Amino acid sequence: MELRYLRYFVAVAENRSFTRAAEILGISQPPLSQQIKKLEDEIGTPLLRRLTRSVELTLAGEAFYQDARHILDLSGHALERTRGIARGISGQLSIGFASSTAFLPQIFQLLSQFQQNYPAVSLQPREADMVRLLHDLEEGLLDAAFVRLPCESSKAFNLKVITSEKMLLVLPSGHHLSGRTSVSLGELHQDPLVIFPREVAPSLYEVIISACLRAGFQPSVMQQSPQVSSAISMVAAGFGVAIVPASLSHLRLPGITYHQIEDTSLLSDIALAWRRLDRSPAVQHLIQALNSPQP
């Protein structure tokens, strides 16, 4: 059964007239009457009672009208939804966050701007470690991801740097250096270093260890935290000291202090990553939002 039969029938049923329905549909009345007759023959029962100046629905016609109206509404919705997805103005966008980027305000300003421009696109955020993010991005389980550079699989992706983030030192409140605004890393050579596993954020791990080596010491006792953010809680619990991205300083836990690192400027680049051959319109709109001036 063709959808045009349903449109013809609904027009006649709603206007109670072949003449008015034909005018609305932009066709002549005889072909319209013929199409409705074919529909009734296909169904096997009359749907309309032809009166002198109008028509009325039979009981079967009343039931068929309700279903036909619903089918036409669904087909219209499906058409608009498909067109919207094809243009990247509706549908879903799955976005990953490296655990160490979850507090970076620039990311959420970007997503807020994107959502304002494309309110019908449903954002599906997911936080994971770098290894899982890059795997899922490459396999198509994510559309894009916010990562720290460098990343080991960067050749498989396009990358657009969003910002460079400074690192801060986290000390327990009772530490003998906790009263200072800035601290030299070399002064911490005897303190246990709380650090996350390398696979959680490989580039950030290397930045921290390299900084210690440049300061003249190899961290000999390292307490491992499950994630970058949990290192702060472990410092508060007395496990040692930590070096974390500056955006994590929004976590104001009791028992810790944040400090500038005196003898070096530790920076880590954060980028948006997406597959090189990805032609998703929604992803392209996200990139355009990234390239647009922030308000």
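Overview of the structure. Given the structure is predicted, the values throughout are model-derived calculations rather than measurements.

With respect to the side chain of threonine 163
Then, in step 1: Mapping threonine 163 onto the fold places it in strand β6 (residues 157-172).
Then, in step 2: Exposure remark for threonine 163: the relative accessible area of 15% places this residue in the buried category.
Then, in step 3: With residues up to four places along the chain from it excluded, the contact list for threonine 163 reads Leu104, Gln106, Ser268, Asp269 and Ile270.

Comments concerning the pairing of strand β4 (residues 121-128)
Then, in step 1: As defined by bridge partners, strand β3 (residues 91-98) adjoins β4 across eight bridges and the pair is classed as parallel. Bridge assignment links glycine 96 to a residue of β4, and that residue is arginine 126.

Brief notes about the packing of helix α5 (residues 105-117) against helix α9 (residues 281-291)
Then, in step 1: Viewed as axis vectors pointing N to C, α5 and α9 meet at an angle of 120°, and their least axial separation amounts to 9 Å. The angle between the axes of α5 and α9 places the two elements in the oblique class. The two elements α5 and α9 cross, and the hand of that crossing is right-handed. Contact residues: α5 offers Leu110, Leu111, Gln113 and Phe114, while α9 offers Ala282, His285, Leu286, Ala289 and Leu290.
Then, in step 2: Taken together, the residues of the contact of α5 with α9 break down into seven nonpolar, two polar and no charged.

What about the environment of lysine 160?
Then, in step 1: Mapping lysine 160 onto the fold places it in strand β6.
Then, in step 2: Taking C-alpha positions, lysine 160 is 8.4 Å from isoleucine 287, a pair spaced 127 residues apart along the chain.
Then, in step 3: The contact partners of lysine 160, leaving out residues within four places of it in the chain, are Ile270, Ala271, Leu272, Trp274, Leu290 and Asn291.

Here we look at the side chain of serine 268
Then, in step 1: Within the fold, serine 268 resides in strand β12 (residues 267-275).
Then, in step 2: According to the relative accessible area criterion, serine 268 is buried, its value standing at 2%.
Then, in step 3: A distance of 3.0 Å separates a polar atom in the side chain of serine 268 from a polar atom in the side chain of arginine 148.
Then, in step 4: Look past the residues within four positions of serine 268 in its chain and what remains in contact with it is Arg148, Thr163, Ser164, Glu165 and Leu204.

A closer look at the packing of aromatic side chains
Then, in step 1: Counted by the stated rule, this structure contains five aromatic pairs.
Then, in step 2: Each ring, one from phenylalanine 196 and one from tyrosine 205, has its centre 6.4 Å from the other, and the planes form 70°; the classification is edge-to-face. Accessibility classification places phenylalanine 196 together with tyrosine 205 in one group, the buried group.
Then, in step 3: An aromatic cluster of three or more residues is present, and its members are Phe97, Phe108 and Phe146.

Focus on the pattern of salt bridges
Then, in step 1: If you walk through the whole model with that rule in mind, you get 10 salt bridges.
Then, in step 2: In this structure, the salt-bridge partner of glutamate 206 is arginine 198, at a minimum N-O distance of 2.9 Å.
Then, in step 3: Note on glutamate 206: relative accessible area 33%, which makes it partly exposed.
Then, in step 4: By sharing partners, the salt bridges in this structure join Arg126, Arg132 and Asp136 into a single network.

Regarding unusual backbone geometry
Then, in step 1: In the Ramachandran plot, arginine 16 falls in the positive-phi region, its phi being about 55° despite a non-glycine side chain.
Then, in step 2: Mapped onto the elements, arginine 16 comes out in the loop between α1 (3-15) and α2 (18-25).
Then, in step 3: Residue classification places arginine 16 among the partly exposed positions, given a relative accessible area of 34%.

Thresholds applied
- Residues numbered from 1 in each chain as written.
- Predicted model: local features only at pLDDT ≥ 70, side-chain atom pairs only at ≥ 80, totals over all residues.
- Heavy atoms only, no water.
- Helix = DSSP H or I, 4+ residues; strand = E, 2+ residues; numbered from the N terminus.
- Buried < 20%, exposed > 50% of the residue type's maximum accessible area, 1.4 Å probe, protein only.
- Contact = heavy atoms within 4.5 Å.
- Pairing = 2+ DSSP bridges.
- Axes fitted to C-alpha atoms, helices over the stretch in contact; angles between N-to-C directions.
- Parallel < 35°, antiparallel > 145°, perpendicular 65-115°, else oblique.
- Left-handed = near helix turned anticlockwise from the far one by under 90°.
- Nonpolar A, V, L, I, M, F, W, Y, C, P; charged D, E, K, R; others polar.
- Polar contact = N/O pair within 3.5 Å; in protein donor to acceptor, adjacent residues only side chain to side chain.
- Phe/Tyr/Trp six-rings, centres within 6.5 Å; stacked < 30°, edge-to-face > 60°.
- Salt bridge = Lys/Arg side-chain N within 4 Å of Asp/Glu carboxyl O.

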